[in-house]
Amino acid sequence: LGEGAYYTSPYTVQLYMNLGDTTFVPDTNNVFPTTTEIVKRVKFTDYNNDGYLDLIVIRGGAPPSLYHNNGDGTFTENPAFNLLSNSKNALSLIDYNNDGYLDIYNGRADIFINNSGIGSYSSISLNSVISLDGGNDMGDYNNDGLPDLIMSGSVSCASKIYRNDGSNNFTLTGDTITPLSLNSTDKWGDYNNDGFLDIVLAGHGLSQMDKYSELYKNDGSGTANTPPSAPLNLQAVTDGCNSATLSWSAASDAQTNVNALTYNVRIGTSPGGQDIVSCMSNTATGFRRIPSNGNAECRTFFIIKNLAAGTYYWSVQAIDQAYAGGLFASEDSFIVTPLSMPIINDTFLCGPGTIVLINNSIYESYWYDVPVGGTPVDTGFVFTTPYLSSADTFYATVFSGICESERDTIIINLFTPPSVTFIWTDSVYLSDPPFALSGGSPPGGIYSGPGVSGGVFDPASSGTGSHIINYSYTDGNGCSDSDTALVNVYSLTGLSEDFSSQVKFWPNPSNRYLYVSWNASARYSLMQIFNQQGSEVGRKILYGSEVILDISKLEHGTYIALLSGETRQYFKFIKE
């Protein structure tokens, strides 16, 4: 957490993110106001006990600001915040009235009571306390369950200890400690772990050359403080979103009110570890190594986010108002299985167009056209791409209602589809044997249709008539196309094609005349000419046993000549 340079205007606040590798980078998600007022103090605290640390900013000569943590990495200023501030003083956080919310003391003659987390505070006068402008801290130095006060810093130099007698009445003790000027700090802490809070002071006197760093030992009169009990009933609930909520039952303490206890969590990737969340305490004895509230403050739950997949081990201790740490609870563990986007395979289009992408998860998807940032171009289980005239890439996540998964990348290639043709010109007759189809291009495709099996056409299976035969072809990219041809099957049953003894015709092919002769005993009286579509295109009355046909007006192609009389006979000829 950064502050503006002391003598350089303007001033602002900058958050820095811990990358977990001992380095920090500026957080760009939050931009705090820039003012001409010097930033004096900044303090994290969860004022509304929602599990997210909020931020208090104290500026010299301007009202303090409270920034509410929205739980998504962003902050919003809470306009209800009404804390009054001295210009140079520190902030002390303690549950003064034992209601489970941390209150604020900042060196005045009054304390600001948290109004149950709504963001506003009520001022309560501390009888006999005189405001100072330097450091301050609250802690129970005499172990009577009431937070006492140490404060320092004034133009004329002062340092004071006030004993809390209850009912907002404070008594200035007769203890003599070094008076300090404005730029001072002071802190309660049990440095020798004897159950009594000691004092450390730092600052300077009337002259800035008179510098002090002093430790005052509590003489230990009265009953020593005892640490709180260990919390019970540890539970961990994961949400499938790299996050977990840890909870426990409240501890108890002989001196501090149960509602005023704070809690301190440790989390690690191995039993007893704290490499994820450090507790700054001795995990075996509970000894608190810093005089501070626990990292969970007054809550009996703790939210941890952005965890990698794996098993985690955790425990919690209670911290009283003498900053004594109790024993850690029996360790618990939980497993994080992050929300993951089902892989959608890369796909392709055969020519320009749109394509439908489908998410088969139980959660709906956000669909993006950029790999990072941006806003979704669509939501839902199904996404129809815009019209694509070239290859493109899209990205998909799943959203559980709490969190969003990482993005899956879907590459859509665009291929040119194959050009497929199927040409058929031959005549087929019912009496023809099965034969392999041909004429499809490019080769290697599949024929289908009536009478077709394994690329073989069987006229007897298809029957007579016009049949649409399909030829489909798929190239190496998976793109397909097809073409069809009409195959006519003619019904000329009972005819023989043994022309050697009955019918002779020449020349074949011919472009003008066709000479035909037959055995006179056949007694043919009619010749009909049919094209490949089965249509009659000509006929001639026959006499004798021969005829000359003028075929010059026929189109090029294959024709059937049918001779009829007491018997029937046909033959094929080609007009060039």
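Residues numbered from 1 in each chain as written. Predicted model: local features only at pLDDT ≥ 70, side-chain atom pairs only at ≥ 80, totals over all residues. Heavy atoms only, no water.

Asks: Help me understand the sheet that holds strand 18 (residues 198-204), please; the structure alone is not making it clear to me.
Replies: In a beta sheet, neighbouring strands pair by backbone hydrogen bonds and run either parallel or antiparallel. Reading across from one edge, 17-18-19 is the order of the 3 strands in this open sheet, with antiparallel pairing throughout. Strand pairing shows two members of the sheet lacking a second neighbour, strand 17 (185-189) and strand 19 (211-216), which therefore form its edges. Averaged over all pairs of adjacent strands, the angle between their axes in this sheet comes to 10 degrees, without regard to strand direction. Where strand 17 meets strand 18, 5 bridges bridge the pair, whose relative direction is antiparallel. Bridge assignment links W188 to a residue of strand 18, and that residue is I199. (Pairing = 2+ DSSP bridges. Helix = DSSP H or I, 4+ residues; strand = E, 2+ residues; numbered from the N terminus. Axes fitted to C-alpha atoms, helices over the stretch in contact; angles between N-to-C directions.)

Asks: Teacher, can you tell me more about the domain arrangement of the protein here?
Replies: Interfaces are often described in size by the accessible area the parts lose on coming together. By domain assignment, the protein separates into domain 1 (16-216), domain 2 (232-336), domain 3 (347-415), domain 4 (421-490) and domain 5 (503-575). On a C-alpha basis, the centroid separation for the pair domain 2 and domain 4 is 76 Å. (Domains from an automatic or database assignment.)

Asks: Whenever I open this one, the pairing of strand 41 (residues 480-490) confuses me. Can you help?
Replies: Looking down a regular strand, the side chains alternate between one sheet face and the other. Taken together, the 2 bridges between strand 34 (residues 428-429) and strand 41 define a ladder with parallel strand orientation. Among the inter-strand pairings, Y429 is bridged to a residue of strand 41, identified as Y490. As defined by bridge partners, strand 40 (residues 465-474) adjoins strand 41 across 10 bridges and the pair is classed as antiparallel. From the neighbouring strand, I469 faces strand 41, where its bridge partner is A485. As consecutive antiparallel partners, strand 40 and strand 41 are separated by 5 residues, and within that stretch G478 has a phi angle of approximately 95 degrees, a positive value.

Asks: Where do I start with the sheet that holds strand 32 (residues 408-415) in this structure?
Replies: Strand order in the open sheet made by the 5 strands is 26-32-31-28-29, with mixed pairing throughout. Looking at which strands have only one partner, the edges of the open sheet turn out to be strand 26 (347-350) and strand 29 (378-380). Along the sheet, successive strands turn relative to each other by an average axial angle of 25 degrees, direction set aside.

Asks: Help me understand the pattern of salt bridges in this model?
Replies: Opposite charge on two side chains lets them pair, provided their charged atoms get close. The final tally for this structure, using the stated rule, is 6 salt bridges. One salt bridge in this structure joins D137 and K187, with 3.7 Å as the shortest N-O distance. Of this pair, D137 sits in strand 13 (residues 136-139) while K187 sits in strand 17, and the two are 50 residues apart along the sequence. The partly exposed category is assigned to K187, whose relative accessible area is 30%. Between R266 and E331 there is a salt bridge, with the nearest N and O atoms lying 3.0 Å from each other. Here R266, found in strand 22 (residues 262-268), pairs with E331, found in the loop between strand 24 (310-319) and strand 25 (332-336); they are 65 residues apart in sequence, far enough to count as distant. The exposure class assigned to E331 is partly exposed, which follows from its relative accessible area of 35%. (Salt bridge = Lys/Arg side-chain N within 4 Å of Asp/Glu carboxyl O. Buried < 20%, exposed > 50% of the residue type's maximum accessible area, 1.4 Å probe, protein only.)

Asks: What's the story with a nonpolar patch on the surface in this structure? I'm lost.
Replies: On the surface, V356, I358, F381 and V382 cluster together into a nonpolar patch covering about 320 Å² of accessible area. On the accessibility criterion, I358 (46% relative accessible area) is partly exposed. (Patch = residues over 30% accessible without salt bridge, like charges linked within 9 Å, V, L, I, M, F, W, Y side chains within 5 Å. Areas by Shrake-Rupley, 256 points an atom, 1.4 Å probe, with all protein chains shown as cover.)

Asks: Would you mind showing me how to read the nonpolar core here?
Replies: Where a protein is soluble and globular, its nonpolar side chains tend to be buried together. In terms of nonpolar packing, the biggest core is built from 21 residues, with L246, W248, V265, I267, F302 and W314 touching the most fellow members. Among the secondary structure elements, those contributing two or more residues to this core are strand 21 (244-249), strand 22, strand 23 (301-304), strand 24 and strand 25. Here this core takes 4 residues from strand 24, the largest share from any one element. With sequence-adjacent residues up to four places away left out, L246 is seen in contact with Q235, A236, V265, I267, T300, F301, F302, W314 and F334. (Core = buried A, V, L, I, M, F, W, Y, C linked by side-chain atoms within 4.5 Å. Contact = heavy atoms within 4.5 Å.)

Asks: Would you take a moment to explain the side chain of K575 for this structure?
Replies: Inspection of the secondary structure puts K575 in strand 48 (residues 568-575). We note that K575 is buried and unpaired, the nearest opposite charge coming from E555 at a distance of 7.4 Å. In this structure the side chain of K575 is engaged in a polar contact, spanning 2.7 Å, whose partner is the backbone oxygen of L554. Excluding its chain neighbours within four sequence positions, the residues that come into contact with K575 are S510, N511, I551, S552, L554, E555, H556, G557 and Y559. (Lys, Arg positive; Asp, Glu negative; His and termini not counted. Polar contact = N/O pair within 3.5 Å; in protein donor to acceptor, adjacent residues only side chain to side chain.)

Asks: Would you mind showing me how to read the state of the cysteines here?
Replies: A disulfide bridge is the covalent bond that connects two cysteines by way of their sulfur atoms. Counted under the stated rule, the structure contains 1 disulfide. Here C350 pairs with C479 through a disulfide, and the sulfurs are 2.0 Å apart. In this structure, the disulfide formed by C350 and C479 twists by about -95 degrees around the S-S bond and is classed as left-handed. Within this pair, whereas C350 is found in strand 26, its partner C479 is found in the loop between strand 40 and strand 41, the two being separated by 129 residues in sequence. C479 gets classed as buried once you look at its relative accessible area, which sits at 0%. Free cysteine C298: the closest other cysteine sulfur is in C279, separated by 18 Å. Looking at C298, the relative accessible area reads 10%, which means it is buried. (Disulfide = S-S within 2.5 Å.)

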